[in-house]
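What follows is each chain in one-letter form.
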Amino acid sequence: ADETGWDETGNTCVDVVVANGASKQCFITNTKLGEISGKKFEDLNGDHMHTNGTTDPNLPGWTIRLDLVGSSDAPNCVSGTTETASINGEYCEVSTNASGNYNFIDLMPGDYIVSEIQQAGWTQTRPNGDYGGEGRQADGTYLLTVDAGEVINDRYFGNYENPTLTLVKTVVNDNGGGLQVADFPLAIDGFAVVSSVASTTVPGAHTASETSQAGYT
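In this text, all values refer to a predicted model and were calculated from it rather than measured experimentally.

Scoring rules and cut-offs
Residues numbered from 1 in each chain as written. Predicted model: local features only at pLDDT ≥ 70, side-chain atom pairs only at ≥ 80, totals over all residues. Heavy atoms only, no water. Salt bridge = Lys/Arg side-chain N within 4 Å of Asp/Glu carboxyl O. Helix = DSSP H or I, 4+ residues; strand = E, 2+ residues; numbered from the N terminus. Buried < 20%, exposed > 50% of the residue type's maximum accessible area, 1.4 Å probe, protein only. Polar contact = N/O pair within 3.5 Å; in protein donor to acceptor, adjacent residues only side chain to side chain. Contact = heavy atoms within 4.5 Å.

1. Describing the pattern of salt bridges
Okay, so step 1: Counting across every chain of the model gives three salt bridges.
Okay, so step 2: The partner of Glu93 in a salt bridge is Arg65, with the nearest N and O atoms 2.6 Å apart. Of the two residues, Glu93 is situated in strand β6 (residues 89-95) and Arg65 in strand β4 (residues 63-68); the sequence distance between them amounts to 28 residues.
Okay, so step 3: Of the charged contacts, one joins Lys169 and Glu210 as a salt bridge, the two residues approaching to 2.8 Å between their closest N and O atoms. Here Lys169 is found in the loop between β13 (164-165) and β14 (186-188), whereas its partner Glu210 is found in strand β17 (residues 208-210), with 41 residues between them in sequence.
Okay, so step 4: Of the residues examined, Glu210 reaches a relative accessible area of 38% and is grouped as partly exposed.

Here it is, written out as structure tokens:
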């Protein structure tokens, strides 16, 4: 039986026949298995960094996917992970736990892509081409090479829930004016918006403005 954390990758000792008076060698090869782990967090200020579990809360219940590069077969999906088929092959998927953590264990040496399954109404901030550390990719994934026995930690995924900003314009015509709300163009950070309609934006400070009209203050 294989020892925990090891996998038998070669065995020439099956059905070995040794004649009388002869000697023969056979070999059993084992490879130490690797691991990839990390965390999913809510990047409240959109700075691509995980400050701590209070400032940037951990996110449980998000799906993290592991793909073995160059193979249509799934990696070793151990207990706690689910093998999932797709048109591009097979993957292992796991949900982040109550602390936002995920891990894939008992991995054979190879190249792996780690990604998250996006959820509607959220924007990913980490990883990207600038943030995320080893293996970060501009498309929001990690490309990681796992050597025999290597443990790769701290591959974090950050997202913020898309905030909205609503401008509400009121027009008071108490001096005989006849203009309506639509006559006053509104903008957030220079982009046109409609009064009383929520606009999706990003975390941080914003500038709201309107185009004034003659005779109105």
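Next comes the rest of the account.
2. Overview of the side chain of Asn128
Okay, so step 1: Within the secondary structure layout, Asn128 lies in the loop between β9 (122-126) and β10 (142-146).
Okay, so step 2: There is a polar contact of 2.7 Å between the side chain of Asn128 and the backbone nitrogen of Tyr131.
Okay, so step 3: In contact with Asn128, other than residues within four places in its own chain, are His48, Arg136, Gln137 and Ala138.

3. Some details on unusual backbone geometry
Okay, so step 1: For the peptide bond that leads from Arg126 to Pro127, omega is 0°, which places it in the cis range.
Okay, so step 2: On the secondary structure map, Pro127 appears in the loop between β9 and β10.
Okay, so step 3: Positive phi outside glycine occurs at Asp106, with the angle close to 55°.
Okay, so step 4: Along the chain, the position of Asp106 falls in strand β7 (residues 101-107).
Okay, so step 5: Backbone geometry places Asp189, a non-glycine residue, at a positive phi of 55°.
Okay, so step 6: Residue classification places Asp189 among the partly exposed residues on the basis of a relative accessible area of 37%.

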